[in-house]
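Now for the letters of each chain:
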Amino acid sequence: GYPPREPTTTPQTNHRLTTGRTMLLFSCAVSSAQAPASVPPNDLAHTVKLNNGVAMPLISLGTWQYSPAVAESTVRLGLSLGYNHIDAALDYKNQRSVGKALAEHDRASYFLTTKVPSRTSASSAFADTSKDLAADLEQLGLSYVDLMLVHFPPVGNTLHCAAMQEQWRALETFYRAKKARAIGVSNYCQSSLRCIARAANVTPAVNQIKYHIGMGPDPIGLRSYGDRLGIVTQAYSPLGDGTGELISGALVTGIGAKHNKSGAQVSLRWVVGHGVPVSTKSTSASHLTANLDLFGWEVSAQEKEALDAATSPKGHPSFMCDA
């Protein structure tokens, strides 16, 4: 299993949510620079403490499915509006453009997450992943990232357990070289996590999964499983995929009207209300601004109960595994 960790406390029982700019001070191993005082107040006030002490901003701006030009303009826009966490990936094929937008900002002013694709060959997984990790840094124009994730388990999941373990070993090597402040996974189920745990020296800090209203607060028991290991669950697709139900549906808009908020804001608030960091996406300045307005208000206990109990839209935490 994973090496023992000091106990962590959580928003209901797991992560420690922290308010205050001081939590994004970089560790001495990387940098002692503090984010500039000019950063908008929305930026650094809301973070989650990872299992190695690194503070990760609760809201990130995603770049999936964006052309290089759109990725660059969206990251530039997001940073200007107050986002300080950008989510990228090698497979998105737009990281050079993301890097161009990031280059206009002080490195200590933002948190950067990126990812490497899975591997299936145990004999080459370490070397191939090491090349992908180096490619991430080169494309982004950075000497380190804040969070590096394995993007998804391979097709067949634990049929390739040895390759998954070798890939995780490459991330641990990258982490020890101080090229990532934290490492984690995405789209991993319990079986995937158990596989790498058998050979791991570092517990994943994050598991980024699909998580939205309609799936329940603890889909397939994966969030509580991560909680027990000190792995922070992070949400992608918080508004569902290909449906407007979590934006304009009767449940979320009805609740939103009582709080002078949109249906989308209610859907995102439900995620962070469960202590789950969220990755959002939009190219619209007004939508991006609204997506930051998730704090200083909350739904009632009765409204939360209704949102927790919703069974639509359907969703599954991972597209690569079931449990």
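Placed above this text is the structure.
The rules behind the values
Residues numbered from 1 in each chain as written. Predicted model: local features only at pLDDT ≥ 70, side-chain atom pairs only at ≥ 80, totals over all residues. Heavy atoms only, no water. Disulfide = S-S within 2.5 Å. Helix = DSSP H or I, 4+ residues; strand = E, 2+ residues; numbered from the N terminus. Buried < 20%, exposed > 50% of the residue type's maximum accessible area, 1.4 Å probe, protein only. Core = buried A, V, L, I, M, F, W, Y, C linked by side-chain atoms within 4.5 Å. Contact = heavy atoms within 4.5 Å. Axes fitted to C-alpha atoms, helices over the stretch in contact; angles between N-to-C directions. Parallel < 35°, antiparallel > 145°, perpendicular 65-115°, else oblique. Left-handed = near helix turned anticlockwise from the far one by under 90°. Nonpolar A, V, L, I, M, F, W, Y, C, P; charged D, E, K, R; others polar.

### Concerning the state of the cysteines
By definition, a disulfide links two cysteine residues through a covalent bond between their sulfur atoms. Applying the stated criterion across every chain yields a total of two disulfides. Between the sulfur atoms of Cys161 and its disulfide mate Cys195 the distance is 2.2 Å. Measuring handedness by torsion sign, the sulfur bridge of Cys161 and Cys195 sits at about 115 degrees and is right-handed. Of the two residues, Cys161 sits in helix α5 (residues 161-176) while Cys195 sits in helix α6 (residues 190-197), which places them 34 residues apart along the sequence. By relative accessible area, which is 11% here, Cys161 ends up buried. Put simply, Cys189 and Cys321 are joined by a disulfide, and their sulfur atoms are 2.2 Å apart. The sign of the S-S torsion, about 95 degrees, decides the handedness of the disulfide formed by Cys189 and Cys321: right-handed. With Cys189 in the loop between β8 (183-186) and α6 and Cys321 in the segment after α12 (301-309), this residue pair connects regions lying 132 residues apart in the sequence. Each of the two residues, Cys189 as well as Cys321, counts as buried. Taken in N- to C-terminal order, the disulfide-linked cysteines of the protein chain are connected 1-3, 2-4.

### A look at the nonpolar core
Counting residues in hydrophobic clusters, the biggest one holds 75 residues, and the most contacted among them are Leu50, Leu102, Val145 and Met148. Setting aside its immediate chain neighbours within four residues, Leu102 contacts Val75, Leu79, Ile86, Tyr110, Leu112, Leu140 and Leu142.

### Some thoughts on α6
The buried fraction of α6 is high, at seven of eight residues. Residues Gln190, Ser191, Ser192, Leu193, Cys195, Ile196 and Ala197 constitute the buried set of α6. In this fold, the buried residues of α6 make contact with α5, β8, β9 (206-210) and α7 (222-229).

### Looking at the packing of helix α9 (residues 250-259) against α12
Between α9 and α12, the least distance of the axes is 11 Å, while the angle of their chain directions is 160 degrees. It follows from the interaxial angle that α9 and α12 lie roughly antiparallel. Helix-helix and strand crossings are classified by hand; for α9 and α12 the assignment is left-handed. Packed against α9, whose contacting residues are Leu251, Val252, Ile255, Lys258 and His259, the element α12 presents Glu303, Ala306 and Leu307 at the interface. Grouping the constituent residues of the contact of α9 with α12 by class yields five nonpolar, one polar and two charged.

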